Amino acid sequence: DEALHELYGKLDKLSEGDILVLAGSIPKTMPVDIYERIMESLQDKGVKFIVDTTGESLLKVLKYKPFLIKPNNHELEEMFNVKLNSIEDISKYAKKLQDMGARNVLISMGKDGALLLTENNEVFLSNTPKGTVKNSVGAGDSMVAGFIAGYLNTNKYEEALKLGAACGSATAFSSDLATKDYIDRLVNEIEVKNIKYDNVL
């Protein structure tokens, strides 16, 4: 309780324009609804929430309109108990998450790249650069970090996806976290296509 009180004290200092990333599964020692509680406590502060978790933990925070969520395609299948066989299928169920409150939905799809549905009714699809997966631990976190950096640098979702995809791949292709040099090389191999929204959905 004391540690949680201290955490809320730190979070209370956040203000408009700040970004808070809530990522990973919730430890058993924490309240199961900790992400919900945090987002509710900061609702009026203008903080951008980025949530990278799965299942019920993700579905329950959508009412707080997170700026970005990042499930992968397998987690998307589990959430809706469906089999997704195409980009169109994935887009359809990503749109359901958007309809439930998420402003932007980023779906990582491993070797098939990543799909982004934006709050501006755009659908962007990125490829994956060439490389050998050495360690996928941290790749999702790297993708989120790259997305945030790309968005803050350019204010463009297309560029955010491009840098996010490069960072995620660079970490997956490295034995540890990616280096900036490697990310800068891979970003040139990332192509982002704007898929016409009406055709996909």
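Residues numbered from 1 in each chain as written. Predicted model: local features only at pLDDT ≥ 70, side-chain atom pairs only at ≥ 80, totals over all residues. Heavy atoms only, no water.

Overview of the pairing of strand β1 (residues 19–23)
Piece 1. Going residue by residue along β1, you find L20 and L22 tucked away on one face and I19, V21 and A23 left uncovered on the opposite face.
Piece 2. At this point the chain moves from β1, through helix α2 (residues 34–41), to the parallel strand β2 (residues 48–52), and the crossover so formed is right-handed. (Buried < 20%, exposed > 50% of the residue type's maximum accessible area, 1.4 Å probe, protein only. Helix = DSSP H or I, 4+ residues; strand = E, 2+ residues; numbered from the N terminus. Right-handed = clockwise from strand over helix to strand, strands pointing away.)

Regarding the side chain of E75
Piece 1. Tracing the sequence through the fold places E75 in helix α4 (residues 73–80).
Piece 2. Buried charge without a salt bridge: E75, with K70 as the nearest opposite-charge side chain at an N-O distance of 5.6 Å.
Piece 3. Not counting chain neighbours up to four residues away, the residues in contact with E75 comprise T54 and K70. (Lys, Arg positive; Asp, Glu negative; His and termini not counted. Salt bridge = Lys/Arg side-chain N within 4 Å of Asp/Glu carboxyl O. Contact = heavy atoms within 4.5 Å.)

Details of the nonpolar core
Piece 1. Residues L20, I69, L76, V105, I107 and L115 are the most contacted members of the largest nonpolar core, which totals 35 residues.
Piece 2. Listed in part, the 28 residues of the second largest apolar core include L106, V144, I183 and V187. (Core = buried A, V, L, I, M, F, W, Y, C linked by side-chain atoms within 4.5 Å.)

Overview of the sheet that holds β2
Piece 1. One open sheet accounts for 7 strands, arranged β1-β2-β3-β4-β5-β6-β7; its pairing is mixed. Here the strands that pair on one side only, and so sit at the sheet edges, are β1 and β7 (192–195).
Piece 2. Two strands pair when backbone bridges link them, and strand β6 (residues 123–126) and β7 are joined in this way by 4 bridges, in the antiparallel orientation. Counted as the bridge partner of F124 is N194 from β7.
Piece 3. Along the sheet face, helix α7 (residues 157–172) touches β4 (104–108), β5 (114–117), β6 and β7 and points at about 25° away from the line of β6. (Pairing = 2+ DSSP bridges. Axes fitted to C-alpha atoms, helices over the stretch in contact; angles between N-to-C directions.)

Quick word on the pattern of salt bridges
Piece 1. Enumeration according to the criterion identifies 8 salt bridges in this entry.
Piece 2. Linking D33 and R37 is a salt bridge whose minimum nitrogen-to-oxygen distance equals 2.9 Å.
Piece 3. Classification of D33 as partly exposed rests on a relative accessible area of 26%.
Piece 4. On the basis of relative accessibility, which here comes to 39%, the residue R37 falls in the partly exposed class.

Points about the packing of helix α1 (residues 2–11) against α2
Piece 1. One way to put it is that α1 packs onto α2 with a least axis distance of 11 Å and a crossing angle of 40°. You can see that α1 and α2 cross each other, and the crossing is right-handed. Judged by residue contacts, L4, L7, Y8 and L11 of α1 engage I34, R37, I38 and S41 from α2.
Piece 2. When its residues are assigned to classes, the contact of α1 with α2 shows 6 nonpolar, 1 polar and 1 charged. (Left-handed = near helix turned anticlockwise from the far one by under 90°. Nonpolar A, V, L, I, M, F, W, Y, C, P; charged D, E, K, R; others polar.)

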